[in-house]
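Tertiary structure, described
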Amino acid sequence: KKVPGVVLVPTVHSTPCLGFVSAAVHLSKIALLQRTAPPGAIEKFVFISDSTLPIKPFSIVYKELAQDDLSDFCIYPKWEWANFTVDGRQIYLPKHHRWVTLNRAHAFELVTAWEQVAAKGSWSNDDVPQWNVSLRPSNSSNASLLQNVSWHSFTRKMQQRCPEDDELIFATIFGPLDENTTSEWDIPGLGEVSGLSPASDDSQGRCRTL
């Protein structure tokens, strides 16, 4: 039985530890093609779990999300971010809650920039896929050498089975954060992210409970 307004998408192959992101990319790709909103309307791509229960009417949730065209990332404190040293400076991959809300531009960037590394058959001994973090050319004076950094080069203070789910969406859209010139980043379509205490000692970004 069809449910009005609901589109059943084809099943996509997912792999251990990248399954969530692979599915998120696939759903975004299908949703971007729907074009159900009128031209100029604010669109949001909201990822929720299968166990999510609404506690507010959809009209209230829609009104809240449609107030602006920013994406929502709930970012963990800085001490939980993955980090890597390049030319004596720190490069960070912020850890974030996986249930994000993206605007159309960021959903499009996620789909177009995503590399399905599992398809390349590149696996480490503990079955975590290896992938490269694309650095922006301005992040290094030697961009040709440092254009890509292995995800496994980053270190994490907290060990977890699948940190990919909590890093890859942000990293794919925005790339890593470079402390070469600043520790406070104003990210287009997202807002300010701080690497300085006390702001970085707690969660930041937008952590909604709807």
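Predicted model only: the values in this text are computed from it and were never measured.

What counts, and where the lines are drawn
In this convention, every chain numbers its residues from 1, walking through the sequence in written order. Note on the predicted model: pLDDT of at least 70 is required for a residue's local features to be given, and 80 or more for side-chain atom pairs to be given and counted; whole-chain, interface and lining totals, by contrast, use all residues. The side-chain numbers reported here are obtained from all heavy atoms of the structure, hydrogens and water having been left aside. Here is the rule: rings of Phe, Tyr and Trp (six-membered ring for Trp) pair when centre to centre is within 6.5 Å. Planes less than 30 degrees apart are stacked, more than 60 are edge-to-face, and the remainder are tilted. Counting from the N terminus, the helices are DSSP H or I runs at least four residues long and the strands are E runs at least two residues long. Note on classification: 1.4 Å probe, protein chains only; a residue is buried when its accessible area is under 20% of the maximum for its type, exposed when over 50%, partly exposed between these limits. What qualifies as a polar contact is a pair of N or O atoms within 3.5 Å, subject to a donor-acceptor requirement within protein and to the restriction that residues adjacent in sequence count only when both atoms come from side chains.

1. Some words on the packing of aromatic side chains
In this structure the tally under the stated criterion is eight aromatic pairs. Measuring from ring centre to ring centre gives 5.7 Å for Phe84 and Phe154, while their planes differ by 45°; the resulting arrangement is tilted. Separated by 70 residues along the polypeptide, Phe84 in strand S3 (residues 82-86) and Phe154 in the loop between strand S7 (148-150) and helix H5 (168-174) bring together distant segments of the chain. By relative accessible area, which is 24% here, Phe84 ends up partly exposed. Between Phe170 and Phe174, the aromatic rings sit 4.8 Å apart at their centres with planes inclined by 55°, giving tilted as the arrangement. With Phe170 and Phe174 both in helix H5, this residue pair falls four residues apart, about one helical turn. Phe174 carries the same exposure label as Phe170, and that label is buried. Members of the aromatic cluster, joined through ring pairs, are Phe73, Phe170 and Phe174.

2. With respect to the side chain of Ser49
Secondary-structure assignment places Ser49 in the loop between strand S1 (44-46) and helix H2 (58-65). A distance of 3.2 Å separates the side chain of Ser49 from the side chain of Ser51, its partner in a polar contact. A polar side-chain atom of Ser49 sits 3.0 Å from a polar atom in the side chain of Thr52.

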